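Spelled out from the first residue to the last, the chains are:
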Amino acid sequence: MTRNRFYLYPIICFFATALIFLVKLILEEPLMEVIQESVIGYLVILAYLILIFKMRKSTMESVLLKKIGEGNGHRKRLFWVIFILLKIIVTALVLRVTTLYFFDDDNSPIIGLPLLAIGIGSSLAVLLVYLLEGFMESEEKRVASMLNLKEYESEKAIANYNALKKQLNPHFLFNSFNSLAGLVSQHPKKSEQFIQELSNIYRYTLSKSDEVVVTLKDELQLIDSYILLQQIRFKDKLHLKTKVDSEALKRFVPPMSLELLVENAIKHNVIGKTNPLIIQIYTEGDYLVVGNTYNPKSSTSKAYSHGIGLKNLTNQYALISTKIPFFGILDGQYIAKIPLISTEV
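Parameters and conventions
- Residues numbered from 1 in each chain as written.
- Predicted model: local features only at pLDDT ≥ 70, side-chain atom pairs only at ≥ 80, totals over all residues.
- Heavy atoms only, no water.
- Helix = DSSP H or I, 4+ residues; strand = E, 2+ residues; numbered from the N terminus.
- Buried < 20%, exposed > 50% of the residue type's maximum accessible area, 1.4 Å probe, protein only.
- Contact = heavy atoms within 4.5 Å.
- Areas by Shrake-Rupley, 256 points an atom, 1.4 Å probe, with all protein chains shown as cover.
- Axes fitted to C-alpha atoms, helices over the stretch in contact; angles between N-to-C directions.
- Parallel < 35°, antiparallel > 145°, perpendicular 65-115°, else oblique.
- Left-handed = near helix turned anticlockwise from the far one by under 90°.
- Nonpolar A, V, L, I, M, F, W, Y, C, P; charged D, E, K, R; others polar.
- Pairing = 2+ DSSP bridges.
- Core = buried A, V, L, I, M, F, W, Y, C linked by side-chain atoms within 4.5 Å.
- Expected span 1.5 Å × (residues − 1).
- Patch = residues over 30% accessible without salt bridge, like charges linked within 9 Å, V, L, I, M, F, W, Y side chains within 5 Å.
- Salt bridge = Lys/Arg side-chain N within 4 Å of Asp/Glu carboxyl O.

Quick look at the overall build of the chain now. A tally of regular secondary structure across the chain gives 10 helices and 7 strands. Counting all 345 residues of the chain, 37% fall into the buried class. Pairs at least 24 apart in sequence give 71% of the contacts found in the chain among residues at least 6 apart. Carbon and sulfur atoms make up 64% of the accessible area of the chain, which amounts to about 20500 Å² in all.

If you want it as structure tokens, here you go:
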């Protein structure tokens, strides 16, 4: 039992026993007999509540319940109804036998009105324990969710700061404006498109900064804008191939996560005519995969799986999903796999 339960159930038993004690005094039963019965009754009620608590806990953690939980909800509810009824019947019989042993001198039958009364009391006790435990567990989950949300907000704030800092850093601006300067005189139409796509990137970065997750469709639109800017710089030395299921487009990922993975691929690999960078984005079950040809720069020959951005992305996923991202080299390619979130957080 947790510390809260250690204090809670003895207190409940005390008040229940005190109420019975007062009723018997009002009925003018012998004082010593009432005290003796109250002490034994307190211990029996406490032991009974603890027994119910332990049985519930062991059942919640049992392999059988987990297997039943894999099916539909009706099977699980039916299991709990049968389990609780059996618990009430068995424990009521045990309590009846116990009371006969301690308090009955007339050899009364086990089955009768006393057993019915004990059964009703047992049902109320089971209902009390299940309601209390359900309430406490829901409160614990609520508090844990709030703590996770606060931690996630902290991680997200760091990610947003890094994203803004990265997009607004002089190196990015220099490359963008340098590419734009070359387009203005030679390709006016392309320069207009370049400005529009650059505007899309900044608008997305600012508008999605407060979101916990965004749709994969939105992230892919951002990548289209980002790749267009990079292709102005690298021309035919940079290629993007996308193959994503239509259903996956409705699922969610942390904001700027795709941009981080694509930007890492461009930043850490040698890109040239003889070794163009090919980036592939595709779905694989419940994961989105971003893979690229692996030709690392000498300064990053150990790959880039230990970067701050990837660690931050992993930390964000730890707070919103049971699945974890994967970053590593497979079959000569650098692979990043991030879970797709089914519902908006």
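Let us now look at the packing of helix α7 (residues 188–207) against helix α8 (residues 216–234). Where α7 meets α8, the axes come as close as 9 Å, and the angle between the chain directions of the two elements is 140 degrees. Here α7 lies oblique to α8, going by the angle between them. With respect to the hand of their crossing, α7 and α8 are arranged in left-handed fashion. Counted together, Gln 193, Phe 194, Glu 197, Leu 198, Asn 200, Ile 201 and Tyr 204 of α7 and Asp 218, Glu 219, Leu 222, Ser 225, Tyr 226, Leu 228, Leu 229 and Ile 232 of α8 form the full contact between these two elements. Tallied by class, residues from the contact of α7 with α8 come to 9 nonpolar, 3 polar and 3 charged.

What follows covers the pairing of strand β6 (residues 326–330). Walk down a regular strand and you will see the side chains alternate between the two sheet faces. By the bridge criterion, 5 bridges tie β6 to strand β7 (residues 333–339) in an arrangement that is antiparallel. Across the sheet, residue Phe 327 finds its bridge partner in β7, namely Ala 336. If you look at the hairpin formed by β6 and β7, you'll find 2 residues sitting between the two strands, and Asp 331 has a positive phi there, around 50 degrees.

This part takes up the nonpolar core. Val 262 and Ile 266 are the most contacted members of the largest nonpolar core, which has 49 residues in total. With 9 residues, α8 is the largest single contributor of residues to this core. Beyond its immediate stretch of four places on either side in the chain, Ile 266 contacts Tyr 226, Gln 230, Phe 234, Leu 238, Ile 271, Leu 277 and Ile 279. Cys 13, Phe 79, Ile 88 and Ala 125 belong to the second largest nonpolar core, which has 16 residues in total.

A separate point is the environment of Leu 49. By the secondary structure assignment, Leu 49 is in helix α2 (residues 31–60). With a relative accessible area of 3%, Leu 49 lands in the buried category. Residues Leu 49 and Pro 10, spaced 39 residues apart in sequence, show a C-alpha to C-alpha distance of 9.2 Å. Setting aside residues no more than four positions away along its own chain, Leu 49 makes contact with Tyr 9, Ile 12, Cys 13, Ala 125 and Val 129.

A separate point is the side chain of Ser 191. Mapping Ser 191 onto the fold places it in helix α7. Classification of Ser 191 by relative accessible area gives buried; the value is 7%.

Moving on to the packing of helix α9 (residues 257–268) against helix α10 (residues 308–320). Across the interface, α9 lies against α10 with an axial gap of 10 Å and an inter-helix angle of 150 degrees. In terms of axis orientation, α9 runs roughly antiparallel to α10. Crossing geometry of α9 relative to α10 is assigned as left-handed. Each of Ser 257, Leu 260, Leu 261 and Asn 264 in α9 lies in contact with α10, whose residues at this interface are Gly 309, Leu 310 and Leu 313.

Helix length check: α2, at 30 residues, gives a terminal C-alpha distance of 43 Å against a target of 44 Å (1.5 Å per residue), a fit within 8%. Those residues of α2 that fall on the buried side of the exposure criterion are Val 34, Glu 37, Ser 38, Ile 40, Gly 41, Leu 46, Tyr 48, Leu 49, Ile 52, Phe 53, Arg 56 and Thr 59.

Side chains of Leu 22, Leu 25, Leu 31, Met 32, Ile 35, Val 39 and Leu 43 sit close together on the surface and give an oily, nonpolar patch of about 650 Å² of accessible area. Taken together, the elements giving at least two residues each to the nonpolar patch come down to α1 (3–26) and α2. Broken down by element, the nonpolar patch gets its largest block of residues, 5 residues, from α2. Within the secondary structure layout, Met 32 lies in helix α2.

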